[in-house]
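Given next are the chains, with one letter for each unit.
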Amino acid sequence: MAALKESLIMSLSLLPEHALVGLITYGTMAQVHEIGYNECPKSYVFRGSKEYAAKQVQEMLGLAQAAMRPGMPMQQGRMPIGPAARFLLPVSQAEFQLTKALEQLQKDPWPVASDRRSLRCTGVALSVAVGLLETSFQNAGGRIMLFAGGAATEGPGMVVGPELREPIRSHHDIDRDNIKYYKKALKVERIFSNALHHCDPRLIYPQFYNTLAKRTAHNGHVVDIFAGCLDQVGLLEMKSLCNSTGGHMILTDSFTSSMFKQSFVRVFEKDDDDNLLMGFNAGMEL
């Protein structure tokens, strides 16, 4: 975690000063840091075991008022519109608050029994990030960078349960379709009975990561996944987040590895005019 914090703090110096940045941390709960509040550390907390609809996220963060019109380009040095300015600020203004928040970041204080895994509400953190960006910066270009130190073990999108006696799915389990959480995290199924004209609740699976990927791509945003863990983290379930948005997927055994550090720095490469080598929402004509 110390190596990850060091890399994140370093990355702030690689961004153009007008680039807007924000921070969401997660464990048992997901916290959206209000970096626009200078008086003391302040964050909005989302329960990790609950699935939040897009409208709920926007209402809880107070974002339901103003939003950028679709297709409106972000101008250099321009402040975000309305309430989003509390969570996303130009790096030139937010660097001190973000650096302080990252330096003070500790492991999740929630107690973990010796026979259980740490709780990670990865799905809730991602859905909150998507909801924050889609409300305020639809089609304006942006990245959500997920840093995962293990599999999602809590809430929507979970890959394995919190009890250690339950092993994470193996290649054999995937081949045999013996994967308990896979369909809930990924499957796109809603089967209606033609005879009864109603939906069998047993056949409804929340197409969680696929739905998030579609929303993100529709908004013109990108999801990157950086995983630093020797064990599996659930890339099979989450792959659509990168595949559908053109994001990076970097898997290493630890955030201390040179592979992670070098790959992470390359994301922020710039051209001769000091602009990031990134493109969003490209169109193709045949």
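Rules used throughout
Residues numbered from 1 in each chain as written. Predicted model: local features only at pLDDT ≥ 70, side-chain atom pairs only at ≥ 80, totals over all residues. Heavy atoms only, no water. Helix = DSSP H or I, 4+ residues; strand = E, 2+ residues; numbered from the N terminus. Contact = heavy atoms within 4.5 Å. pLDDT = per-residue confidence, 0-100. Buried < 20%, exposed > 50% of the residue type's maximum accessible area, 1.4 Å probe, protein only. Axes fitted to C-alpha atoms, helices over the stretch in contact; angles between N-to-C directions. Parallel < 35°, antiparallel > 145°, perpendicular 65-115°, else oblique. Left-handed = near helix turned anticlockwise from the far one by under 90°. Nonpolar A, V, L, I, M, F, W, Y, C, P; charged D, E, K, R; others polar. Core = buried A, V, L, I, M, F, W, Y, C linked by side-chain atoms within 4.5 Å. Salt bridge = Lys/Arg side-chain N within 4 Å of Asp/Glu carboxyl O. Pairing = 2+ DSSP bridges.

*Asks:* Can you tell me about the environment of Gly36, naming the residues and giving the values?
*Replies:* As for its placement among the helices and strands, Gly36 is situated in the loop between strand S3 (29-33) and strand S4 (43-47). Through-space distance from the C-alpha of Gly36 to that of Gln97 is 8.3 Å; in sequence the pair is 61 residues apart. Residues in contact with Gly36, not counting those within four places in the same chain, are Ala85, Arg86 and Leu89.

*Asks:* Give a description of the confidence of the model for the chain that names residues and reports values.
*Replies:* Looking at the chain as a whole, its pLDDT mean stands at 85, while 86% of the residues score no less than 70. Counting interchain partners and residues more than four positions distant, the pLDDT-below-50 stretch residues 67-71 has 14 contacts. Here residues 187-206 scores under 50 on pLDDT; set against residues more than four positions off or in separate chains, the count is 24 contacts.

*Asks:* Break down unusual backbone geometry for me, with residues and values.
*Replies:* One non-glycine residue with positive phi stands out, namely Asn139, at about 60°. Locating Asn139 in the fold gives a position in the loop between helix H4 (122-136) and strand S6 (142-148). Judged by its relative accessible area of 24%, Asn139 is partly exposed. The phi torsion at Asn281 lies on the positive side, around 60°, for a residue other than glycine. You can see Asn281 is positioned in the segment after helix H9 (258-266).

*Asks:* Describe the side chain of Gln58, listing the residues and the values that go with them.
*Replies:* Here Gln58 shows up in helix H2 (residues 54-60). When neighbours within four sequence positions are excluded, Gln58 is seen to be in contact with Leu63, Ala64, Gly131, Glu134 and Thr135.

*Asks:* Describe in detail the packing of helix H1 (residues 2-11) against H9, supporting the description with residues and values.
*Replies:* Following both chains from N to C, one finds H1 and H9 inclined at 20°, their axes separated by 11 Å at the closest point. Compared by their axis directions, H1 and H9 come out roughly parallel. Between H1 and H9 lies a crossing of right-handed hand. Residue-level inspection shows Leu4, Ser7, Leu8, Met10 and Ser11 of H1 in contact with H9, the latter providing Phe260, Lys261, Phe264 and Val265. When its residues are assigned to classes, the contact of H1 with H9 shows 6 nonpolar, 2 polar and 1 charged.

*Asks:* Could you give an account of the environment of Val222, naming the residues involved and the relevant values?
*Replies:* Position of Val222 among the secondary structure elements: in strand S9 (residues 221-228). Given a relative accessible area of 5%, Val222 falls into the buried group. When the C-alpha atoms of Val222 and Ile144 are compared, they prove to be 6.1 Å apart, with 78 residues separating the residues in sequence. Beyond its immediate stretch of four places on either side in the chain, Val222 contacts Gly142, Arg143, Ile144, Thr216, Thr245, Gly246, Gly247 and Phe280.

*Asks:* Before we move on, could you go through the nonpolar core and cite the residues and values that matter?
*Replies:* Ranked by size, the top nonpolar core spans 41 residues in total, and within it Phe46, Leu61, Leu126, Ile225 and Leu241 carry the most contacts. Elements supplying a minimum of two residues to this core: S3, H4, S6, helix H7 (208-218), S9 and helix H8 (235-243). Beyond its immediate stretch of four places on either side in the chain, Leu61 contacts Val32, Tyr44, Phe46, Arg86, Phe87, Val128 and Leu132. Ranked by size, the runner-up nonpolar core spans 21 residues in total, among them Leu12, Ile35, Ala94 and Leu98.

*Asks:* Before we move on, can you summarise the pattern of salt bridges with the specific residues and values?
*Replies:* Inspection of the entire model under this criterion finds 9 salt bridges. A salt bridge links Arg165 to Glu163; the nearest nitrogen and oxygen atoms lie 2.6 Å apart. Judged by its relative accessible area of 74%, Arg165 falls in the exposed class. Linked by salt bridges that have partners in common, Glu34, Lys42 and Arg86 make up one network.

*Asks:* Give a detailed account of the pairing of S3, specifying residues and quantitative values.
*Replies:* Two faces make up the sheet, and in a regular strand the side chains alternate between them. In terms of strand pairing, strand S2 (residues 24-26) meets S3 through 3 bridges, oriented antiparallel. Bridge pairing in S3 places Ile24 opposite Val32. Where S2 folds back onto S3 in an antiparallel hairpin, the turn is made up of 2 residues. Note: S3 against S4, 5 bridges, orientation antiparallel. In the sheet register, Ala30 faces S4, and the bridge partner there is Phe46.

*Asks:* Would you mind going over the sheet that holds S2 in detail, with residue names and values included?
*Replies:* Adjacent strands of a sheet form backbone hydrogen bonds with each other and so pair up, either parallel or antiparallel. Spatially, 3 strands are ordered S2-S3-S4 in an open sheet, and the strand pairing comes out antiparallel. Of all the strands in the sheet, just S2 and S4 have a single pairing partner and so form its edges. Put simply, the sheet's adjacent strands are angled 20° from each other on average, direction ignored. Strands S2, S3 and S4 of the sheet are contacted by H4, whose axis makes an angle of about 165° with S2.

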